[in-house]
Amino acid sequence: MTYKIVQSPIGEFIAGTTPRGCCLFEFYDRGGLDKIKARILKRYRLEMITGSDPVLDQAEDEIREYFEERRQTFSVSLDIKGTPFEKSVWDQLMRIPYGETRSYGAIAAMLGKAGAARAVGRANGANYIPVIIPCHRVIEANGNLRGFGGGLWRKQYLLDLEKRSRSGAMRMVSEEALLV
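Residues numbered from 1 in each chain as written. Predicted model: local features only at pLDDT ≥ 70, side-chain atom pairs only at ≥ 80, totals over all residues. Heavy atoms only, no water.

Draft legend 1. Up close: the overall build of the chain. When helices and strands are counted, the chain shows six helices and six strands. Along the chain, helices and strands appear, N-terminal first, in the series β-β-β-α-β-α-α-β-α-α-β-α. C-alpha atoms of the chain, sized along the principal axes, occupy 55 × 40 × 25 Å. Evaluated residue by residue, the chain yields a buried proportion of 44% over its 180 residues. Taking all contacts inside the chain whose residues are at least 6 apart in sequence as the whole, residues at least 24 apart take part in 59%. For the chain, the exposed surface amounts to about 9,400 Å²; the carbon and sulfur share of it is 53%. (Helix = DSSP H or I, 4+ residues; strand = E, 2+ residues; numbered from the N terminus. Buried < 20%, exposed > 50% of the residue type's maximum accessible area, 1.4 Å probe, protein only. Contact = heavy atoms within 4.5 Å. Areas by Shrake-Rupley, 256 points an atom, 1.4 Å probe, with all protein chains shown as cover.)

Laid out in structure tokens, this is it:
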């Protein structure tokens, strides 16, 4: 796997790709490089080598655009490995619209697994591609923030960024409608 460090307003990420796509976009301080390398070796059976490639560059460009509030969805190809349940949760996460949230229980219900909110939380925690697979959009049913590998302050930052960006885009659409 090819990897590099990517800067962002909320800290450094370790971004990595395989020939199939982006498989890692993890917060650097979520265990540090050695711990992340061990997790990648276990899940992908690949060594991590510093470098760059077109998919890695695309992921870096897209994350920069996201933080600049110029991107709401990601198109970089992904190489996702996990259990069938984890993959089903991650698929649901990618369906949550930008600027919106869902509860752990709601995700479980969408999967036909009512009562599996904790399992959804564990699958969120196993996501190696936060932000791109937007696990930050999952909150408690009462609206409180809970669990995020990058820390709750980052989760709040991401939710605020999306809310601000979305309301700005909606305001622009409304102003354009008035001009017509």
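Draft legend 2. Fine view of the pairing of strand 1 (residues 2–6). Alignment of strand 1 against strand 2 (residues 13–18), held across five bridges, turns out to be antiparallel. Residue pairing for strand 2: Val-6 is matched across the bridge by Phe-13. The turn linking strand 1 back onto strand 2 is made up of six residues, and Gly-11 within it adopts a positive phi angle of 115°. In the sheet, strand 1 pairs with strand 4 (residues 49–50) via two bridges, with the strands oriented parallel. Paired with Tyr-3 across the two strands is Thr-50, which belongs to strand 4. (Pairing = 2+ DSSP bridges.)

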